[in-house]
Amino acid sequence: ILNVEQSPQSLHVQEGDSTNFTCSFPSSNFYALHWYRWETAKSPEALFVMTLNGDEKKKGRISATLNTKEGYSYLYIKGSQPEDSATYLCALRRIDGSTLGRLYFGRGTQLTVWP
Amino acid sequence: GAGVSQSPSNKVTEKGKDVELRCDPISGHTALYWYRQSLGQGLEFLIYFQGNSAPDKSGLPSDRFSAERTGGSVSTLTIQRTQQEDSAVYLCASSPLMDTIYFGEGSWLTVV
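As a starting point, this report considers the structure included with it. Values in this document were obtained by computation on a predicted structure and should not be read as measured data. (Residues numbered from 1 in each chain as written. Chains lettered and ligands numbered in written order. Predicted model: local features only at pLDDT ≥ 70, side-chain atom pairs only at ≥ 80, totals over all residues. Heavy atoms only, no water.)

Looking at the layout of surface pockets
Thought 1: Within this model, the largest pocket holds a volume of roughly 720 Å³.
Thought 2: In terms of lining, the largest pocket is formed by 31 residues, of which the most central are Thr87(A), Gln37(B), Ser38(B), Gly40(B) and Gln41(B).
Thought 3: Those elements that place two or more of their residues in the lining of the largest pocket are strand E9 (86-96) and strand E11 (109-114) of chain A together with strand E8 (88-95) and strand E10 (107-111) of chain B.
Thought 4: The biggest single contributor to the lining of the largest pocket is E11(A), with 4 residues.
Thought 5: Here the lining of the largest pocket is built from residues that sort into 11 nonpolar, 17 polar and 3 charged. (1 Å grid on protein atoms, 1.4 Å probe; cavity = no way out; pocket = protein on both sides within 12 Å on 5 of 7 lines; lining within 4 Å. Points joined across faces, edges and corners; volume = space filled by probe spheres on them. Helix = DSSP H or I, 4+ residues; strand = E, 2+ residues; numbered from the N terminus. Nonpolar A, V, L, I, M, F, W, Y, C, P; charged D, E, K, R; others polar.)

A look at unusual backbone geometry
Only a minority of non-glycine residues have a phi that is not negative, and only a minority of peptide bonds are not trans.
Thought 1: In this structure, Pro8(A) follows Ser7(A) across a cis peptide bond, with omega equal to -5 degrees.
Thought 2: Tracing the chain through its elements places Pro8(A) in the loop between strand E1 (5-7) and strand E2 (10-14).
Thought 3: Following Ser7(B), the chain continues to Pro8(B) via a peptide bond in cis, the omega torsion being -10 degrees.
Thought 4: Look at Ala41(A): it is not a glycine, yet its phi comes out positive at around 70 degrees.
Thought 5: Note that Ala41(A) resides in the loop between strand E4 (30-38) and strand E5 (45-50).
Thought 6: Look at Ala41(A) and you get exposed, because its relative accessible area is 67%. (Buried < 20%, exposed > 50% of the residue type's maximum accessible area, 1.4 Å probe, protein only.)

Some remarks on the nonpolar core
Residue and element names in this part refer to chain A.
Thought 1: In this structure, Leu33, Trp35 and Leu75 are the most contacted members of the largest nonpolar core, which totals 25 residues.
Thought 2: Elements that contribute at least two residues to this core include exactly E2, strand E3 (19-24), E4, E5, strand E7 (62-67), strand E8 (72-77), E9 and E11.
Thought 3: Of the residues forming this core, the biggest block, 4 residues, is contributed by E9.
Thought 4: Beyond its immediate chain neighbours, meaning those up to four positions away, Leu75 contacts Thr19, Asn20, Phe21, Trp35, Leu47, Phe48, Ile62, Ser63, Ala64 and Tyr88. (Core = buried A, V, L, I, M, F, W, Y, C linked by side-chain atoms within 4.5 Å. Contact = heavy atoms within 4.5 Å.)

Below is the structure:
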C-alpha cells in the first residue's frame, strides 16, 4: 500500500491569516505531484501539477513547493479568505514499471476560514 | 458540454439491487478514473483505464463491483447486490495521457 500523507487533517484560521499544509510521499519512482481543491458539493478542481525537484508554482494567493528527494510538498495560502474554505488534496503519480500509473490521493486537509 | 459528465447525479436504491453509474469523459482524454468518497473518508481509488492497456482494477472493493470502458470513451461502473456500505459519492475523472485530471460532479449513491 502506497501512503500519501497530508497534515494537518483540518485547520481553522481567521480571515487574513496565512497558512500552509504538508503532503508527504514516497520519493522513489516519482513522476508528478498534483494539488486539488475540493469545495463542498462541487467536484475537485486542479490547482497545480509539479514534476521537478525544487519546483514552485503560484496561482494568486496560493503557492506550492516540491521536494522530490525527501518526498514532500507544501501548499501555502497567503491572506486566507472565507472562499478559500475547502479540502485541499494532494496526489502522487509514479512511474509504475514501464508505465505511468494512477494518481494516489492523500486524505486531504480541510481548511475553514472564519470571517 | 466540455467537462466530464456523470449520471445519474443522485440515486437512491434498495439494498440488494444493482446500480449502474455512467461517465462521459472529456473528448480525447485517454485516461479515465473512478474514485469514491464515503462519509468522513478520503478519496478511495476504484479503477483506472489508460488507453488500450489493461485497466488497473486494484481498487475495486469486492467482486460486486465492475467497470468497463467502451470504445475508449464512455465508462460504466456497475455495483451488483448493493449494500449500505456502498453509499458514497462516486467520482469519475479523465485526463490526457499524463496530465491534470478533470473530475465530474459525481454520482451520489444512497443504499437504503
